[in-house]
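If you want the building blocks of each chain, they are given just below.
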Amino acid sequence: MSTSTVVIGAQWGDEGKGKVTDVMAEKVSAVARFSGGPNAGHTLSINGRKAVLHLLPSALFRPDVLKLVGPGVVSDPEVLSEELQLAEELDVLHTVHLDVHAPIILPIHRELDKARESLSGKGAIGTTQRGIGPCYEDFVARRGPSLQNLRSAKALKQAMLDRRFYDERSLLVQLAGIKPSTVDQMVEWCMERAKNIVPALVDTREVISRLRERGDSLLFEGAQGIMLDVFNGTRPYCTSSICGPAAISASLGVHSFDRVIGVSKAYTTRVGNGPFPTELTGQAGHWLRKKGNEYGATTGRDRRTGWLDLPALRYACRMGGITDLIITKLDILTDIEKIRVAVAYSTPLAEIGPHRTLDTELLERVEPVYQDMDGWQGDLKNCSSIKDLPSNAKKFLWKIEEQTGLPIIGVSVGPDREDMVWKE
Ligand code: IMP
């Protein structure tokens, strides 16, 4: 029987979804990316070889698995072309399929993203400047080219002119004092990369429907995390897409899932601006960043670091429909004498019940209520299942289960595929 499993981020992105997806992909026929774009940086470490993927699914190193990029993924031809080249080197190109309807991120989208950020001063979002927001704006405005337009330079050019796409976009870029790319430059830029991309184009909704009819099992790989979701995240300090399973329903026609796996680090990180109640600033934050190697996989920026925020995780689980948890980077907390976890928020202004939406306005003024937990020592990679972990590490995991009401099915204890311990 066909099963559908979802892997999504339960924090502010960078939870380690890439690794989890690669591991879970062993048991499925196809893995599909369904939202976000090259703002994502999914890091894989396989037999000591490291790869960071921005658009293609994290099953790239699995030759028997189909890799699909759905119509909800905003796609930069340059990034696609590079990753397709990597697929060719790995001899898996024939297993990669891109949706004909995926919107194209053009140079003008990146120019606009950069211009807005640089002119926003304190109001800047801290975007990845990859043109994600402007491209989604055009998608919703029902204009701008999609990957199928790469089949013909004429159609591509027309898609840049239709519904005042270029007129309006170029005006905005000029307003910011930047010279916009011209239509002809962008057509040429796209067509140089089209040669790689066009042979991989398919109707991914059709592929998924056929696979399900055949009884094949599918895995859907999320990007970013629920706290960055355009509806439920910390607006405006969030991304421009839906980060939960609703994006799969909306764009790929799959509406029920056997499991929605939420991935959370054993602590918290966030890149870009916006509230972060459990943030560690100063030396402590710097120390955790270094120990956890918390530098952006896409932009190289320092990630902000802090303790695990269980009220935020609980909220993300609710909004993302998460049924199971995988905790990553537990090994980074090894050898810390006292580990803190936020179990509640207090604020002098309001009583926060368990059903409140954790929006920016609220998260900016809450004070975390911490519980201190005893740490553990030893190499966690020697453990073959969760029950073999040091008892204080298990107490830490039980605290997460108790506070979220969800089972932890797996724990990542190192970067490699093999560095996982499972419940059974
Ligand atoms: P954008 O998605 O580039 O528009 O950026 C909006 C916000 O989401 C910024 O705070 C980014 O740092 C953050 N963001 C976007 N993608 C990721 C990701 O893959 N990991 C972590 N943060 C991300």
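Residues numbered from 1 in each chain as written. Predicted model: local features only at pLDDT ≥ 70, side-chain atom pairs only at ≥ 80, totals over all residues. Heavy atoms only, no water.

Looking at the pairing of strand 9 (residues 259-265)
- Within strand 9, six of the seven residues are buried, which leaves the element mostly enclosed by the surrounding structure.
- Inspection of the sheet shows strand 1 (residues 4-9) paired to strand 9 by five bridges, in the parallel sense. Of the residues in strand 9, the one forming a bridge with Val 6 is Val 260. (Buried < 20%, exposed > 50% of the residue type's maximum accessible area, 1.4 Å probe, protein only. Helix = DSSP H or I, 4+ residues; strand = E, 2+ residues; numbered from the N terminus. Pairing = 2+ DSSP bridges.)

What about the sheet that holds strand 1?
- Reading across from one edge, 7-6-5-2-8-1-9-13-16-17 is the order of the ten strands in this open sheet, with mixed pairing throughout. The sheet terminates laterally at strand 7 (201-202) and strand 17 (420-422), the two strands that pair on one side only.
- Relative to the sheet, helix 8 (residues 204-213) contacts strand 1, strand 2 (30-33), strand 5 (66-69), strand 6 (96-99), strand 7 and strand 8 (218-221), its axis offset from that of strand 5 by approximately 140 degrees. (Contact = heavy atoms within 4.5 Å. Axes fitted to C-alpha atoms, helices over the stretch in contact; angles between N-to-C directions.)

Quick word on the sheet that holds strand 12 (residues 308-309)
- Spatially, 12-14-15 is the arrangement adopted by the three strands of the open sheet, whose pairing is mixed. Single-partner strands in this sheet number two, and they are strand 12 and strand 15 (367-374).
- Looking at chain direction, strand 12 and strand 14 (residues 338-346) are connected through two bridges and run parallel. Each residue of the ladder has a partner; that of Asp 309, found in strand 14, is Ala 342.
- Relative to the sheet, helix 11 (residues 310-320) contacts strand 12 and strand 14, its axis offset from that of strand 14 by approximately 65 degrees.

Things to note about helix 1 (residues 17-24)
- Among the eight residues that make up helix 1, eight are buried, leaving the element largely enclosed by the rest of the structure.
- All of the buried residues in helix 1 are Lys 17, Gly 18, Lys 19, Val 20, Thr 21, Asp 22, Val 23 and Met 24.

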